[in-house]
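Letter by letter, the chains look like this.
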Amino acid sequence: MVQKKDKELRGSSNGPIGGYHRWLKAYTQGLDWLLNLRTTKGVEVKASEEGEEVQAIREELKKAQTAKEKFKSTAIRIRKENAKLRDVNIATTKALEQETKRARREEHGQNKFRGALWGSNNELKLRREERDQS
């Protein structure tokens, strides 16, 4: 509650504070167009006349919004293509790793077989040499 300091100020039970309301009334007297403007949620404030500059700016804004939408759709399309290529790259890498592992196992098996053959081959050579000597 506002306390009385002088005759201008009144509390909420005695009515509004007079100083501000008188100033506001005097300030807004010369503004006839103020009554024509009504702002509500979601409704644009429209002046009585729009200049050519305002129309040009609105057209430029529409063009900018169109360009933004095109850019956005292009960026989304590129992201999708990038994701597909990344998936293909990952699949190719996994297949290459599996093929490399398979080739290493096969080579290891061949080396083991060669080792076994080498030992038996040497044994055969020794037998032949013994037979030839005899």
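Look a little higher up for the structure.
Residues numbered from 1 in each chain as written. Predicted model: local features only at pLDDT ≥ 70, side-chain atom pairs only at ≥ 80, totals over all residues. Heavy atoms only, no water.

1. Describing the overall build of the protein
Part 1: Along its length, the protein carries 2 helices and 0 strands.
Part 2: Of all 134 residues assigned to the protein, the portion counted as buried reaches 1%.
Part 3: Put simply, the protein shows about 13400 Å² of open surface, and 55% of that area lies on carbon and sulfur atoms. (Helix = DSSP H or I, 4+ residues; strand = E, 2+ residues; numbered from the N terminus. Buried < 20%, exposed > 50% of the residue type's maximum accessible area, 1.4 Å probe, protein only. Areas by Shrake-Rupley, 256 points an atom, 1.4 Å probe, with all protein chains shown as cover.)

2. Observations regarding the pattern of salt bridges
Part 1: This model, assessed by the stated rule, comprises 4 salt bridges.
Part 2: Between E81 and R77 there is a salt bridge, and its shortest N-O distance comes to 3.3 Å. Separated by 4 residues within a single helix, E81 and R77 lie in helix α2 (residues 52-133), roughly one turn from each other.
Part 3: Assessed through its relative accessible area of 40%, E81 is described here as partly exposed.
Part 4: Of the charged contacts in the structure, one is a salt bridge between R102 and E106, with a shortest N-O distance of 2.8 Å. Of the two residues, R102 and E106 are both situated in helix α2; the distance of 4 residues between them amounts to about one turn of the helix.
Part 5: Accessibility expressed as a relative area gives 37% for R102, which makes it partly exposed.
Part 6: Linked by salt bridges that have partners in common, E99, R102 and E106 make up one network. (Salt bridge = Lys/Arg side-chain N within 4 Å of Asp/Glu carboxyl O.)

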